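These are the residues of each chain, in order.
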Amino acid sequence: MGKQVYITDTILRDAHQSQAATRMRTSEMLPMAKQLDEAGYWSLEMWGGATFDSCLRFLNEDPWERLRQLRAAIPNTRMQMLLRGQNILGYKHYADDVVDLFVKKAIENGIDVIRIFDALNDPRNLEKAMEATKKYGGTCEACFSYTTSPVHTREFFVELAVELEKMGADTICIKDMANLLLPYEAYTLVKDLKKAVKCPIHLHTHNKSGTGDMTYLKAIEAGVDIVDCAISALANGTAQPCTESLVATLEGTEYDTGMDITKLNEISKHFRGVAARLKEDGFLKPGALGVDIKTLIYQIPGGMFSNLLSQLDKQGSGDKLDEVLAEVPRVRKDFGYPPLVTPTSQIVGTQAVFNVLAGERYKMVTNESKALLRGEYGKLPGSVNEEVRKKCIGDDKVITHRPADDIPPELDKYREEIKEYMEQEEDVLSYALFPQVATKFFEFRRAQKYGVDADMLDKENMIHPA
């Protein structure tokens, strides 16, 4: 790709997911569509992650309709989404037929680049989504979730990247979800990856520990091709480093992005207004913007940290936070060093809370912890503490095959379950991923369509239109 550095902007997805609970509305995105399209981005990350759930659950929006509207309004720039491999956008594994149809429909409705990751970095959990992306003509961006542990060496990630390229990756993404990748390590890692693989390298980080811009600069010097930034209105802190700052830094150098900072400022001005609304509505918390080096000390992503805090507060045990923070790395080691990203961050975090509150380690064990130890999420990166596994799951069988091999096709069952609501083929996918939430949304949609007050809707007595 040459020396020029390309930028993916996350303003339409990860920036507001990381800072404001994914509450930006489609109507707040569309006014800037033309300017975003003309800015010269490599891609706009605007779908996937938590946007799908948030559209249905909180905004009463159809995520598929958001995708179609943005695609129509942004015809010339790549549209990018984040997909959790075999988990798609949910928290469990789905059958291969669901994965295949989801990818097909995402691409049909306007997605160009699908960034695919797995919480455990188990390539078997990426396989079907990668195959489907290639089959339906999308750009397959395979990821590895960056973390640090005795198992996660530089060699580990380079070998993984080589395997992902062999599996058909068009680009490879270093997904540094917890902002743990430090500048000089980024330099060496990117250098090693560039020697080992031919496809472009895309780097994603956050800026909660305040190191994100420096990490990007060193990665750029090492030859990284694309980086994720967020327009300044929602940049930094728990989101990505700022787009305009990087564009200004690289201007006039061999890495010049070719982007115009004055045009970017116009885009940011609009989103500053959106940020003000999000703040007013209580979604954008000032704490999301500051630097907090707890991530580097405890290796806990920002979202996981606030999650632990709220779990403890609910139990009236906020004073136990330090004990829980010390317990997290111990649980992670017992469980074979899973990277702390959705859903493993929630699994390890909740188990650490249980261990501390029960006063005995693994006295109370969550179903998710048991499933993780049984191999139901995939292959754990390191060796599991067998005493802990025995205490948690007894003599249960540990599976060593690809977990989704145990899941029979599901689409026909889902179609049957929601036939009364189906208005488009995509509805079956919304339902497959979020059954209760999607059903409520379908009822709301129908109520709106037929002029019924959604709150008054009596599903049992409603006359279904033919």
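Whatever comes next refers back to the structure up there.
Below or above, wherever it landed, is the structure these notes cover. On a predicted model such as this, the values are computed, not experimentally measured, just so you know.

Cut-offs used in this document
- Residues numbered from 1 in each chain as written.
- Predicted model: local features only at pLDDT ≥ 70, side-chain atom pairs only at ≥ 80, totals over all residues.
- Heavy atoms only, no water.
- Helix = DSSP H or I, 4+ residues; strand = E, 2+ residues; numbered from the N terminus.
- Buried < 20%, exposed > 50% of the residue type's maximum accessible area, 1.4 Å probe, protein only.
- Contact = heavy atoms within 4.5 Å.
- Areas by Shrake-Rupley, 256 points an atom, 1.4 Å probe, with all protein chains shown as cover.
- Lys, Arg positive; Asp, Glu negative; His and termini not counted.
- Charge placed at Lys NZ, Arg CZ, Asp CG, Glu CD.
- Pairing = 2+ DSSP bridges.
- Axes fitted to C-alpha atoms, helices over the stretch in contact; angles between N-to-C directions.
- Phe/Tyr/Trp six-rings, centres within 6.5 Å; stacked < 30°, edge-to-face > 60°.
- Lys NZ or Arg CZ within 6 Å of the ring centre and 35° of its normal.
- Core = buried A, V, L, I, M, F, W, Y, C linked by side-chain atoms within 4.5 Å.
- Right-handed = clockwise from strand over helix to strand, strands pointing away.
- Parallel < 35°, antiparallel > 145°, perpendicular 65-115°, else oblique.
- Left-handed = near helix turned anticlockwise from the far one by under 90°.
- Patch = residues over 30% accessible without salt bridge, like charges linked within 9 Å, V, L, I, M, F, W, Y side chains within 5 Å.
- Salt bridge = Lys/Arg side-chain N within 4 Å of Asp/Glu carboxyl O.
- Polar contact = N/O pair within 3.5 Å; in protein donor to acceptor, adjacent residues only side chain to side chain.
- Arc of directions from axis to C-beta.

This part covers the overall build of the chain. Each helix and strand in the chain was counted, giving 21 helices and 8 strands. Classification of the 466 residues of the chain by burial places 58% in the buried group. By sequence separation, contacts in the chain at least 24 residues apart represent 76% of the contacts at least 6 residues apart. Accessible surface for the chain amounts to roughly 19000 Å². Of this, 51% is attributable to carbon and sulfur atoms. Each charge sign in the chain was given a centre, from 58 positive and 70 negative side chains, and these centres are 2 Å apart.

Turning next to the sheet that holds strand β1 (residues 6-9). Strand order in the closed barrel formed by 8 strands is β1-β2-β3-β4-β5-β6-β7-β8, and the pairing between neighbours is parallel. For this sheet, the mean inter-axis angle between neighbouring strands, taken without regard to orientation, is 30°. Pairing of strand β4 (residues 113-116) with strand β5 (residues 139-145) involves 4 bridges; the strand directions are parallel. Considered in β5, the bridge of Ile116 is made with Ala142. This element, helix α8 (residues 154-166), spans β5 and β6 (171-175) of the sheet and lies at about 160° to β5.

The next point concerns the pairing of strand β3 (residues 78-83). With respect to burial, β3 is a largely interior element, 5 of its 6 residues being buried. Here 5 bridges tie strand β2 (residues 43-48) to β3, and the two strands are oriented parallel to one another. Counted as the bridge partner of Leu44 is Met79 from β3.

Here we come to the packing of aromatic side chains. The full count for this structure, using the stated rule, is 15 aromatic pairs. Taken together, a centroid distance of 5.7 Å and an interplanar angle of 90° make the contact between Phe52 and Trp64 edge-to-face. In this pair, Phe52 is assigned in helix α4 (residues 51-57) and Trp64 in helix α5 (residues 63-73), connecting sequence segments 12 residues apart. Among the aromatic residues, ring-to-ring pairing joins Trp47, Phe52, Trp64, Phe102 and Phe434 into one connected group. Positioned above the aromatic ring of Phe117, the side-chain terminus of Lys175 is 4.7 Å from the ring centre. The residue whose ring lies beneath Lys218 is Tyr187, and the NZ or CZ to ring-centre distance is 5.0 Å.

Trp47, Phe102, Ile174 and Phe271 are the most contacted members of the largest nonpolar core, which totals 107 residues. Among the elements that make up this core, the one with the highest residue count is helix α6 (residues 96-108) (7 residues). Trp47 has contacts with Arg13, Phe52, Pro63, Trp64, Leu67, Gln80, Met81, Leu82, Phe102, Ala106 and Ile111, leaving out every residue within four places of it along the chain. Ranked by size, the runner-up nonpolar core spans 29 residues in total, among them Ile300, Val331, Ile347 and Ala371.

So, about the pairing of strand β7 (residues 201-204). Side chains Ile201 and Leu203 of β7 all project onto a buried face; the interleaved residues His202 and His204 project onto the opposite face, where all are buried too. Strand direction decides the pairing type here: β6 and β7, joined by 4 bridges, are parallel. In the sheet register, Ile174 faces β7, and the bridge partner there is Leu203. With helix α9 (residues 183-196) bridging β6 and its parallel neighbour β7, the resulting β-α-β unit is right-handed. Both β7 and strand β8 (residues 226-229) contribute to a ladder of 2 bridges, which runs parallel. Counted as the bridge partner of Leu203 is Val227 from β8.

To continue, consider the packing of helix α15 (residues 321-334) against helix α16 (residues 344-358). Contact geometry for α15 and α16: axes closest at 8 Å, N-to-C directions at 120°. Compared by their axis directions, α15 and α16 come out oblique. Crossing hand, α15 versus α16: right-handed. Residues Glu323, Val324, Glu327, Val328, Val331 and Arg332 of α15 lie in contact with α16, whose contacting residues are Val348, Gln351, Ala352, Val353, Asn355 and Val356.

This part covers a nonpolar patch on the surface. A cluster of nonpolar side chains, namely Leu182, Val291, Ile293, Leu296 and Ile297, defines an oily patch on the protein surface of about 440 Å² accessible area. Structurally, Ile293 is set in the loop between α12 (261-280) and α13 (294-298). Accessibility expressed as a relative area gives 44% for Ile293, which makes it partly exposed.

Counting through the fold element by element, Gln240 comes out in the loop between β8 and α11 (243-250). Judged by its relative accessible area of 0%, Gln240 is buried. A distance of 3.3 Å separates a polar side-chain atom of Gln240 from the backbone oxygen of Thr205. There is a polar contact of 3.4 Å between the side chain of Gln240 and the side chain of His206. Each residue touching Gln240, except ones within four places of it in the same chain, is listed here: Thr10, Asp14, Ala15, His204, Thr205, His206, Asp228, Cys229, Ala230 and Ala235.

A few words now on helix α7 (residues 127-135). By the burial criterion, the buried members of α7 are Ala129, Met130, Ala132 and Thr133. Along the long axis of α7, the arc covered by the buried residues comes to 165°, so they all point the same way. The secondary structure elements touched by the buried residues of α7 are β3, α6, β4, β5 and α8.

This brings us to the pattern of salt bridges. Per the stated rule, a full pass over the model turns up 42 salt bridges. A salt bridge links Glu28 to Arg277, with the nearest nitrogen and oxygen atoms 2.8 Å apart. Residue Glu28 is found in helix α2 (residues 26-29), and its partner Arg277 is found in helix α12; the two are separated by 249 residues along the sequence. This pair shows no difference in class: Glu28 is buried, exactly as Arg277 is.

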